[in-house]
Amino acid sequence: MKALVLAGGLGTRLRPFTETMPKQLMPIANQPVLEHVLTNIRALGVREICVVVGEWGPAIEARLGDGSRFGARITYLRQEQPLGLAHCVALARPFLGDDDFVMYLGDNVVESGIAELAEDFRRNRSDAHLAVARVADPRAFGVAELDTRGRVLRLVEKPSRPRSDLALIGVYFFGPAIHRAVAAIRPSARGELEITDAVQKLVEGGDRVTAGEYDGYWKDTGSVADLLDCNRRLLNALEGDVGIAADGRSDLSGPVRLGPGATVVRSVITGPVVVGAGSLIEDCHIGPGTSIGSGCVLRGADLRNSIVLDGARVTGRRSGSGSLISDAAEVHLDTPPNTPPHAPPGAPGGQPNALAREVAP
């Protein structure tokens, strides 16, 4: 089996954070979303991975490299325009050949992994096997209608009146028949080759299309609220106290992970918390559900349920909960929430390169 990872999205719902980094590299518990994806893929024993990228390709390639540190080999393909998920399959046809493959959206976190879904695909000998999950409002998703044996009867993209609550969660397993289906479809009304249309072609042609229900935690990390929720969830999996403050005047409790060279001075940290390499935490209260990147400086800060990206500098005594603080930002917590903390000279409308945003906890 091979893998096709789709990482070309621009992350418009995460702007302005994604003005300086791709959404697929946004950190969850101090690890980029894409690395969580690759970890799940490697757990299947897959070693050949193709990553489809867009304009952020160089940044993604610089972070992931050739795949050797994941025990895999990564091939990169550029999709010049967002022409749809099925278009990515067509682009990757020379890489995929006639092998089975898993297609995985690169901004999705599937906490419990996809090994059980992969086994269902192999056991059912399906031409396509779709990961689905029950959602309260299916109208924002591709929706699968199944028979009593788990075979797919129909797929509908973002239906106004859903006939099922089973949403596609961005993980698909395919055999080589999908290439015939992709070649047979035409662009949708929004000008894209839809993977749901290709799978529907398989259904209509009598190919074996099945679905497996995933009942664990998963998240499309396309918004600030979703990033923070996912960060809290993955931090809760930390166990034990890792790392000890060296100054003798700090109090660390619960799971706290300190990266190499991280320094804690006169501070209280209540886990689960991760702190990246080389960061300084001084005179702070850091509460549960917080991840702090590498090379950060926090002085007098009070944070919980937050993400601080690499190189940020945070000061101030107002409590910050549910904050996402951009890389290299200079943030004073005493300023009102959702206010640009620092705008470079001449920035139109005061829009900053670095921003802090809060959401309701």
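Below you will find a few notes about this structure. Nothing here was measured: the structure is a model prediction, and the numbers come from that model. (Residues numbered from 1 in each chain as written. Predicted model: local features only at pLDDT ≥ 70, side-chain atom pairs only at ≥ 80, totals over all residues. Heavy atoms only, no water.)

1. Description of the overall build of the protein chain
The helix and strand tally for the protein chain stands at eight helices and 29 strands. Across the 361 residues that make up the protein chain, the buried fraction comes to 54%. The long-range share in the protein chain, meaning contacts at least 24 apart out of those at least 6 apart in sequence, stands at 52%. As displayed, the protein chain offers around 15,800 Å² of accessible surface, 48% of which is attributable to carbon and sulfur atoms. (Helix = DSSP H or I, 4+ residues; strand = E, 2+ residues; numbered from the N terminus. Buried < 20%, exposed > 50% of the residue type's maximum accessible area, 1.4 Å probe, protein only. Contact = heavy atoms within 4.5 Å. Areas by Shrake-Rupley, 256 points an atom, 1.4 Å probe, with all protein chains shown as cover.)

2. Regarding the layout of surface pockets
Looking at the largest pocket, its volume works out to about 1,300 Å³. Along the wall of the largest pocket there are 47 residues; nearest its centre are Lys-23, Leu-85, Leu-105, Asp-107 and Asp-220. Of all the secondary structure elements, the ones that give two or more residues to the lining of the largest pocket are β1 (2–7), α3 (85–91), β11 (166–174), α7 (195–204) and β13 (218–220). It is β11 that contributes the most residues to the lining of the largest pocket, four residues altogether. Taken as a whole, the second largest pocket spans an internal volume of roughly 570 Å³. Around the second largest pocket, the lining comprises 27 residues; the ones closest to its centre are Pro-27, Asn-30, Gln-31, Pro-32 and Asp-310. Looking at the lining of the second largest pocket, the elements with two or more residues in it are β2 (27–28), β3 (31–32), α8 (224–235), β15 (256–258) and β18 (273–275). A per-class count over the lining of the second largest pocket returns 16 nonpolar, seven polar and four charged. (1 Å grid on protein atoms, 1.4 Å probe; cavity = no way out; pocket = protein on both sides within 12 Å on 5 of 7 lines; lining within 4 Å. Points joined across faces, edges and corners; volume = space filled by probe spheres on them. Nonpolar A, V, L, I, M, F, W, Y, C, P; charged D, E, K, R; others polar.)

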